[in-house]
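Summary of the model geometry
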Amino acid sequence: MDKRARMIRSGSKQQRLSLAELMVVLILSCWSGGVESQLVKGMFVFGDSLVDVGNNNFLYSFARSNYFPYGIDFDSGPTGRFSNGKTFVDSLGRMLGLAYPPAFIDPCSMGPRLLGGVNYASAAAGILEETGRHYGERHSLKQQVENFESTLMELRSIIDAKNLTYYLSKSMAVLVFGSNDYINNYLMPPDYSSSFTYTPRQFSKLLIGHYAPQILALYNLGLRKFFICGIGPLGCIPNQRAKGQAAPGKCVDNVNKMVRMFNEELKSLVDLLNKRRLDSGIFVYGNTFDAVMDIINKPEAFGFISADVGCCGMGKNKGEITCLPFGFPCLNRNKYVFWDAYHPTEAVNDILAQRVVFGSTSYSYPMNVFNMTLH
């Protein structure tokens, strides 16, 4: 039975660098392109459409992007990435010296191809099992952790136990969750009852209560380096601006306040995990919210001309209907912050990756990704 069948049966102008950052980039660029240039052995990606590289292509889901103009600036064209080009983890992986980790459900993802890591991310997925159910099939956080266990079974057939332990300890887990639990759950009454059941603060704690055990499950399976992204400013995406709940040119403040509550709880969780001093475990919080807000507040400083309108979409802010098949996107895509109603452009993803790898603790806490790889 192939992997897809098994899964169905299972239920399923650029930012300037500081002098120190520039020196790091120059050092890395002088390394060879071989194994020696890899800062981690592999990268295992868990998340939603922000980092999906094609898993939903193999699911019965309406949340797909394997059609033009998605991928218009990507070498392979449309692949299932919700971007005009590279996703955040594509850019991050390249900076760490890795090839793109393949989509887990892709039948070709097997054997030695798994050694650089695997991408489990699924569009519409959330921390909660019910999140995104109106899109059809998607792999939730819990399912993605189970998928990682499946990968481990395959890796054990090609790596002995001692070397596998070392390999996992020198690999990195990237987790990008939470956005859908708001835009495709809490902010969708009456399709979901969560907003009637929980206050925003209670909901943020509920999410963390489901998130923490899955992070620990990945740790118990052997992963040791964790980069856990906070949620970006959802109140500023074209989809939320198009709802008319804020003045023109302004973000939806109440949505951003909810997201900040979640991010505060997530950062506290990272502190707690690090204080527990788990054996060789390193947990880093990615401050996506402030990194993106820096760009939205002063887009011209980063070379952008638009920070509130999608490059591809229809309606107000091009956020009422997201990018449809064979739609006509803007021509100057590297000048837009948002690609469609929900997702950033490749240009923004590149900046975010640069900040978390080489930037200050304002964006990667308590250390940046480069420093994490040195441990």
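One can find the structure itself at the top, above this paragraph.
Here is a short report on the structure shown in this document. Quantities reported herein were computed from a predicted structural model and do not represent experimental measurements. (Residues numbered from 1 in each chain as written. Predicted model: local features only at pLDDT ≥ 70, side-chain atom pairs only at ≥ 80, totals over all residues. Heavy atoms only, no water.)

A few words on the state of the cysteines. Going through the model one piece at a time under the given rule, you end up with three disulfides. Through a disulfide, Cys236 is tied to Cys251; the S-S separation comes to 2.1 Å. One quick way to see it: the torsion about the S-S bond of Cys236 and Cys251 is about 110°, and its sign makes the bridge right-handed. Of the two residues, Cys236 sits in the loop between strand 4 (225–229) and helix 9 (238–241) while Cys251 sits in the loop between helix 9 and helix 10 (253–275), which places them 15 residues apart along the sequence. Residues Cys236 and Cys251 agree in their burial class; the two are buried. (Disulfide = S-S within 2.5 Å. Helix = DSSP H or I, 4+ residues; strand = E, 2+ residues; numbered from the N terminus. Buried < 20%, exposed > 50% of the residue type's maximum accessible area, 1.4 Å probe, protein only.)

We now examine the sheet that holds strand 10 (residues 364–365). Reading across from one edge, 2-1-3-4-5-10 is the order of the six strands in this open sheet, with mixed pairing throughout. Two strands in the sheet have a free side with no partner beyond their single neighbour: strand 2 (117–119) and strand 10. Docked against the sheet, helix 3 (residues 88–95) engages strand 1 (43–47), strand 2, strand 3 (172–176) and strand 4, running at close to 165° with respect to strand 1. (Pairing = 2+ DSSP bridges. Contact = heavy atoms within 4.5 Å. Axes fitted to C-alpha atoms, helices over the stretch in contact; angles between N-to-C directions.)

Right, let's get into the pairing of strand 5 (residues 282–286). For strand 5, the tally of buried residues reaches five of five residues, placing the bulk of the element in the interior. Across the two faces of strand 5 the burial is the same, with Ile282, Val284 and Gly286 and Phe283 and Tyr285 all buried. Of the strand pairs in this sheet, strand 4 and strand 5 are connected by five bridges, and their pairing is parallel. By the bridge assignment, Phe226 is partnered in strand 5 with Phe283. Relative to strand 10, strand 5 runs antiparallel, the two being bridged by two bridges. Residue pairing in the sheet places Tyr285 in a bridge with Tyr365 of strand 10.

A few words on the side chain of Ser364. Mapped onto the elements, Ser364 comes out in strand 10. Within polar-contact distance, the side chain of Ser364 engages the backbone oxygen of Val356 at 3.0 Å. With sequence-adjacent residues up to four places away left out, Ser364 is seen in contact with Phe227, Val284, Tyr285, Arg355, Val356 and Val369. (Polar contact = N/O pair within 3.5 Å; in protein donor to acceptor, adjacent residues only side chain to side chain.)

Let's shift gears to the pairing of strand 3. Each regular strand displays side chains that alternate between the two surfaces of the sheet. In terms of burial, strand 3 is a largely internal element, five of the five residues being buried. With burial as the criterion, each face of strand 3 is covered, one bearing Met172, Val174 and Val176 and the other bearing Ala173 and Leu175. Two strands pair when backbone bridges link them, and strand 1 and strand 3 are joined in this way by five bridges, in the parallel orientation. Residue pairing for strand 3: Phe46 is matched across the bridge by Leu175. As judged from the five bridges shared by strand 3 and strand 4, these two strands associate in the parallel manner. Across the sheet, residue Leu175 finds its bridge partner in strand 4, namely Ile228.

Moving on, we get to the packing of helix 8 (residues 200–220) against helix 10. Their axes nearest at 9 Å, the elements helix 8 and helix 10 cross at an angle of 35°. At the point where helix 8 passes helix 10, the crossing takes the right-handed sense. In contact with Pro200, Arg201, Ser204, Lys205, Leu207, Ile208, Tyr211, Ala212, Ile215 and Leu216 of helix 8, helix 10 contributes Met258, Met261, Phe262, Glu264, Glu265, Leu266, Leu269 and Leu273. (Left-handed = near helix turned anticlockwise from the far one by under 90°.)

Below, the discussion takes up the environment of Pro200. Within the secondary structure, Pro200 sits in helix 8. What makes Pro200 partly exposed here is its relative accessible area of 28%. Counting along the chain gives 57 residues from Pro200 to Lys257, while the straight-line C-alpha distance between them is 8.8 Å.

A complete count under the given rule lists 20 aromatic pairs for this structure. Between the aromatic rings of Tyr70 and Phe82, the centroid separation amounts to 5.9 Å while the plane-to-plane angle is 70°, which identifies the pairing as edge-to-face. Of the two residues, Tyr70 is situated in the loop between strand 1 and helix 3 and Phe82 in the loop between strand 1 and helix 3; the sequence distance between them amounts to 12 residues. With respect to burial, Tyr70 and Phe82 carry one shared label: buried. Relative to Phe283, the ring of Phe226 lies with its centre 4.9 Å away and its plane at 15°, an arrangement referred to as stacked. Taken as a pair, Phe226 in strand 4 and Phe283 in strand 5 lie far apart in primary sequence, 57 residues in all. Here Phe226 falls in the buried class, since its relative accessible area comes to 0%. Under the relative-accessibility criterion, Phe283 is labelled buried at 0%. Connected via pairs of aromatic rings, a cluster forms that spans Phe44, Phe46, Phe104, Tyr120, Phe148 and Tyr167. In this structure, Arg81 is placed above the aromatic ring of Tyr100, and the distance from its NZ or CZ to the ring centre is 5.2 Å. The residue whose ring lies beneath Lys267 is Tyr365, and the NZ or CZ to ring-centre distance is 4.4 Å. (Phe/Tyr/Trp six-rings, centres within 6.5 Å; stacked < 30°, edge-to-face > 60°. Lys NZ or Arg CZ within 6 Å of the ring centre and 35° of its normal.)

Two numbers describe a pair of packed helices, the interaxial angle and the distance between the axes. Running from amino to carboxyl end, helix 11 (residues 288–297) crosses helix 12 (residues 346–358) at an angle of 130°, the nearest separation of the two axes being 10 Å. Classified by the angle between their axes, helix 11 and helix 12 sit oblique to one another. For the pair helix 11 and helix 12, the crossing hand works out as right-handed. Judged by residue contacts, Ala291, Val292, Asp294 and Ile295 of helix 11 engage Val348, Ile351, Leu352 and Arg355 from helix 12. A breakdown of the residues in the contact of helix 11 with helix 12 according to their chemical character gives six nonpolar, no polar and two charged. (Parallel < 35°, antiparallel > 145°, perpendicular 65-115°, else oblique. Nonpolar A, V, L, I, M, F, W, Y, C, P; charged D, E, K, R; others polar.)

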